[in-house]
Each structure stands twice: as structure tokens, then as C-alpha cells.
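Overview (structure and organization)
Below are the chains, spelled out letter by letter.
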Amino acid sequence: MASRPPIECPLCRSDLSSDQRLEDHLVVDHSKRKLAKFVVSETEALTKGDVA
């Protein structure tokens, strides 16, 4: 049986356990400012075409 690779947090790059949800990890382990900076940088990269 094939297994899925662990989900990786896009901010801190840590692998989440199989019973941990990404949303819960983001809310508990990352500040609003860090989340906002990530969203802004991703949006700017997509807008400017810097994403491969």
C-alpha cells in the first residue's frame, strides 16, 4: 500500500505528524505577522512571475 509523504509547513518547512492539521499548526505555531508576510511574498512572486 502506498503511503503519503508528510505535509510540510510552507513557513518553517517542518514535517507535520499524520494526526496534525496544517491549519492548526499555522494558528498555534506562527504569528499573524509571519503568516501575513508569507502571503504577501507569495502574492508578489505570483504577480511578478517569479515562481517557476
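Residues numbered from 1 in each chain as written. Predicted model: local features only at pLDDT ≥ 70, side-chain atom pairs only at ≥ 80, totals over all residues. Heavy atoms only, no water.

**A closer look at helix 2 (residues 32–48)**
- If you check helix 2, its first and last C-alpha atoms are 24 Å apart, about what 17 residues at 1.5 Å a residue would give, namely 24 Å.
- Positioned one or two residues after helix 2, Gly 49 has a phi angle of 75°, which is positive. (Helix = DSSP H or I, 4+ residues; strand = E, 2+ residues; numbered from the N terminus. Expected span 1.5 Å × (residues − 1).)

**Remarks on the state of the cysteines**
- Evaluation of the coordinates by the stated rule reveals 0 disulfides.
- Looking at Cys 9, it has no disulfide partner, and the nearest cysteine sulfur is the one in Cys 12, 3.6 Å off.
- On the basis of relative accessibility, which here comes to 36%, the residue Cys 12 falls in the partly exposed class. (Disulfide = S-S within 2.5 Å. Buried < 20%, exposed > 50% of the residue type's maximum accessible area, 1.4 Å probe, protein only.)

Keep in mind these values describe shape, not function.
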